[in-house]
Amino acid sequence: METKTKQLNRRSFIKISALAGGGILIGFYTENGLLAQQRGAAPPVTPINPNTYIKVHPDNTFTIVAKNPETGQGIRNSLPTIVADEFDVDWKQVKIEQSDRDDKYARDMGAPTVGQREGGSTATPQNYQPMRNVGATARAMMVAAAAKRWNVPAAELTTGSGVVTHTPSKRTATYASLAETALNMPVPELSTVKLKDPKDFKIIGKGTPGVDNFAIVTGKPAFSIDVNSPDMLFAVYEKCPVFGGKVMSANLDEIKKLPGVKHAFIVDAPPLRPAPAPGAPPAGPNVNWASGVAIVADNWWLANNARKSLKVVWDEGPVASQSSAGYLAQGKQLASTQASQTPAGGGPRSAKDGDAEAAFKTAAKIVEAEYSFPLLSHAPLEPQNSTAHYKDGKLEIWSPSQTPEIFNAAVPAGIPNSDVTFHLVRAGGGFGRRLYNEYDIEVSKIARLVSDERARAGLPSVPVKLLWTREDDMRHDDYRPAGLHYFKAGLDASGKLIAFRDYVSSHGSTSVIPANEFPRGHVANFWVSEGQITPYGIPTGALRAPGTNGVSFVMQSFIDEIAHAAGKDPLQYRLDLLANPTAPVPAFTQVSFGAPFNPQRAIGVLETVRDMSDWKNRRDKLPKGTGLGVAFQFAHSGYVAYVVEVAVTAEKKLKVNKVWSAIDIGSQTVNPTHATNLVQGGFIEAMSHMMAWEITIDQGRVVQSNFDKYQPTRMRNAPASIEVKFLKTDFTPTGLGEPSLPPAVPAISNAIFAATGIRIRSLPIVSQGYTWT
């Protein structure tokens, strides 16, 4: 096994309590105080707030709590699905309830940081076993209650559809009817609780529709942008177009006279906090919290209309002298000095195995190429937004954050964490953008200032909704880092790869440096080093599959280029490299979360996608102008391989005809319907990265501001078929939101080469004359 299934530690256990109106509530407790109560010690002074997962109602229906943020990845289905299946109830008996943010969810359950976050494809691997334990323990309690009532051995009892059955006597009891008995039963030790055999799963692995689907397709409020109340005010927030700029002055008196405007004020941003000591929690927000001008009005349109009359004097700061052209020139200059960049050993920023320079001198053939990819904006369809209500020294917030942190609301409002109620609301896409919570920070500060002004005027406090425009969102993002890669490969006379070199011009982000990427560990001489572009004032962050998002394009494209230079089939060339490891690859790569690269799993997805696409026969029969491309990627502990068929006209009109994908995310796919959607959606998003997406900087400003200059792939351009196959392997289940995207881009670019003989070495390709058919 690659990773071991982890159990809850001794401090975590099930507790049950009564519900008002009948039924019981079942949840995990990890508080030391509650543990002391169980042992007969004095109760804690403060009340215990349980981490609740299951509510059993008198009508034998069940509410299961979804604890993680939902951004479209389907986690509001998948985690409750796991609980429901082990609890042995039917999905039609279940309702889903979104939890609020609660520190108790971040307890130690035998896995790192099992809290309330959405990012890194971590929800499934971190929660799969704990959620199974929740459901199975609750089922065991119902069985024990029935055994006591009927005075029969528990071994004679079975469960199903929320009913316990004693087959010998044909007696049955609903879970609801057993609730009172269960409430007074001792909670079983986790070690005695029997989990289901996966072959007996009734919901897991079968596919369930999204719990919000009906609301979404019928236009009912479902997203954070839909949060509303009758007395709400609406805010816009104008920030300096140059990153790091500050407000010097603004025509606030004029703005306050405009129709519907209730408040207008400058918000100063504090200096960034120092990093916390190792092991200490963050003291407060440390994100791109920018100085700006807030305008608050009766409705959002009035606020945004008043914004058009805003006149601000900015201190633009030093970033105003920076540009994409300048970064590129510096990157190329750094590349000219790459011979002096000589790392030793390996790490997240560099790698050196063997002696690549010596091997190049003996190589029969040298292949060199320069590759690049640009900054990208996340561009979720729902712009950033958040709603806050500051009242009587407390703050309530409704947020679409992927990482809901109470201190992001508490610190700007000037109150302790304990005075914040944090509601998790479905987001209209995240892709990593909502890991950075400027909108929560901004709205909390604005809500506090509005409340204070209203109090001075003798007016009651009201909620305030902050909504960014599309232009705000695109010009004030935390962008996918750009990368400049200078490759060199050495082949022997048989075409075998004997040396591999990548020099990276970067701005300090490890996510563009492939220190531990394939073919490391499969070539004797491997060397990755970097030169840093400075100064660099553009905020960067994680975009879907950070660490491999852009790197997969350059690495898998150059591997394809090497195979062509060797005169080899590119898919078989990858298989041959994988079958002959030279050394183990370190497991500290950020994109695998500590799991080492397993070449056999990579071979598995490549061989599967080869067979799915009938690679050799199809490749030999394709008409002129049509080609097959292949790529694979290990990312976030998952393995994904694509084969793509592409047709290209003489006018560079491009069409993706068909896609085959093979996926290895372990022993269980929790919801195949959502998993298939994640793969297909990841591929189509990658088409946007490939064709048209690019963020450029001029005078410290983002040039692009809306979809007219940052066009996503349209429905008419999507492939007619994206065939998905999940391999069932003997490894702990892992996530899929990230792994499905990265290899799609090089698979398409390699198919373009197969169709035209033209190698794609930079993105986006619209700048090279390509368009979709």
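Predicted model only: the values in this text are computed from it and were never measured. (Residues numbered from 1 in each chain as written. Predicted model: local features only at pLDDT ≥ 70, side-chain atom pairs only at ≥ 80, totals over all residues. Heavy atoms only, no water.)

### Some thoughts on the sheet that holds strand β9 (residues 233–239)
Pairing is mixed in the open sheet, where 7 strands are placed in the order β11-β12-β9-β19-β16-β17-β18. Each edge of the sheet is formed by a strand with only one pairing partner; in this case those strands are β11 (261–267) and β18 (420–424). Going from strand to strand, the sheet's axes swing by 20 degrees on average, the running direction of each strand aside. Pairing of β9 with strand β12 (residues 292–297) involves 6 bridges; the strand directions are antiparallel. Residue pairing for β12: phenylalanine 234 is matched across the bridge by alanine 297. Lying over the sheet, helix α7 (residues 300–307) contacts β9, β11, β12 and β19 (464–467), oriented at roughly 25 degrees with respect to β9. (Pairing = 2+ DSSP bridges. Helix = DSSP H or I, 4+ residues; strand = E, 2+ residues; numbered from the N terminus. Axes fitted to C-alpha atoms, helices over the stretch in contact; angles between N-to-C directions. Contact = heavy atoms within 4.5 Å.)

### Overview of the packing of helix α14 (residues 570–578) against helix α15 (residues 599–613)
In the contact formed by α14 and α15, the axes pass within 10 Å of each other and the chain directions differ by 160 degrees. Relative to α15, the element α14 lies roughly antiparallel. Crossing of α14 against α15: the hand is left-handed. Of the residues in α15, those in contact with Leu571, Gln572, Arg574, Leu575 and Leu578 of α14 are Pro599, Ala602, Ile603, Leu606, Glu607 and Arg610. (Parallel < 35°, antiparallel > 145°, perpendicular 65-115°, else oblique. Left-handed = near helix turned anticlockwise from the far one by under 90°.)

### Brief notes about helix α11 (residues 438–456)
Between its first and last C-alpha, α11 extends 27 Å over 19 residues, near the 27 Å set by a 1.5 Å rise per residue. Taken residue by residue, α11 has Glu438, Tyr439, Asp440, Ile441, Glu442, Val443, Ser444, Ile446, Ala447, Val450, Ser451 and Arg454 as its buried positions. Phi for glycine 458, located one or two positions after α11, is positive at around 75 degrees. (Expected span 1.5 Å × (residues − 1). Buried < 20%, exposed > 50% of the residue type's maximum accessible area, 1.4 Å probe, protein only.)

### Section: the pairing of strand β17 (residues 394–399)
On β17, burial follows the alternation: Leu395, Ile397 and Ser399 on one face are buried, whereas Lys394, Glu396 and Trp398 on the facing-out side are not. Once strand β16 (residues 385–391) ends, the chain turns through 2 residues before running back antiparallel as β17, passing aspartate 392 with a positive phi of about 55 degrees. Two strands pair when backbone bridges link them, and β17 and β18 are joined in this way by 5 bridges, in the parallel orientation. Bridging across to β18, tryptophan 398 finds its partner in histidine 423. Viewed along the sheet, the connection from β17 through helix α10 (residues 407–413) into β18 turns out right-handed. (Right-handed = clockwise from strand over helix to strand, strands pointing away.)

### Topic: the packing of aromatic side chains
Evaluation of the coordinates by the stated rule reveals 20 aromatic pairs. Ring centres of tyrosine 327 and tyrosine 536 lie 4.4 Å apart, and the angle between their planes is 35 degrees; this geometry places the pair in the tilted category. One end of the pair, tyrosine 327, is in helix α8 (residues 324–335); the other, tyrosine 536, is in the loop between β22 (525–532) and α13 (551–566), and 209 residues separate them in sequence. Note on tyrosine 536: relative accessible area 18%, which makes it buried. Among the aromatic residues, ring-to-ring pairing joins Tyr371, Phe487, Phe500, Phe526, Phe553 and Phe558 into one connected group. The ring of phenylalanine 360 carries the charged tip of lysine 488 above its face, separated from the ring centre by 4.6 Å. In this structure, arginine 501 packs its charged tip against the face of tryptophan 527, placed 3.6 Å from the ring centre. (Phe/Tyr/Trp six-rings, centres within 6.5 Å; stacked < 30°, edge-to-face > 60°. Lys NZ or Arg CZ within 6 Å of the ring centre and 35° of its normal.)

### Comments concerning the pattern of salt bridges
Per the counting criterion, the structure on display carries 34 salt bridges. In this structure, aspartate 478 and arginine 433 form a salt bridge, with 3.6 Å as the shortest nitrogen-oxygen distance. You can see aspartate 478 sitting in the loop between α12 (470–475) and β20 (483–491) and its partner arginine 433 sitting in the loop between β18 and α11, a full 45 residues away along the chain. Of the charged contacts, one joins aspartate 664 and arginine 601 as a salt bridge, the two residues approaching to 2.8 Å between their closest N and O atoms. In this pair, aspartate 664 is assigned in strand β25 (residues 653–664) and arginine 601 in helix α15, connecting sequence segments 63 residues apart. When sorted by exposure, aspartate 664 lands in the same class as arginine 601, which is buried. Within the structure, one salt-bridge network assembled from shared partners comprises Arg433, Glu438, Asp473, Asp477 and Asp478. (Salt bridge = Lys/Arg side-chain N within 4 Å of Asp/Glu carboxyl O.)

### What about the nonpolar core?
In terms of nonpolar packing, the biggest core is built from 86 residues, with Phe500, Phe683 and Ile752 touching the most fellow members. Broken down by element, this core gets its largest block of residues, 9 residues, from α13. Judged by nonpolar contacts, the second largest core, of 46 residues, contains Val261, Leu375, Tyr503 and Tyr536. (Core = buried A, V, L, I, M, F, W, Y, C linked by side-chain atoms within 4.5 Å.)

### Points about helix α2 (residues 75–87)
For α2, built from 13 residues, the straight-helix expectation of 18 Å at 1.5 Å per residue is met to within 8% by its first-to-last C-alpha distance of 18 Å. For α2, the tally of buried residues reaches 13 of 13 residues, placing the bulk of the element in the interior. A positive phi of about 70 degrees marks aspartate 88, the residue just after α2.

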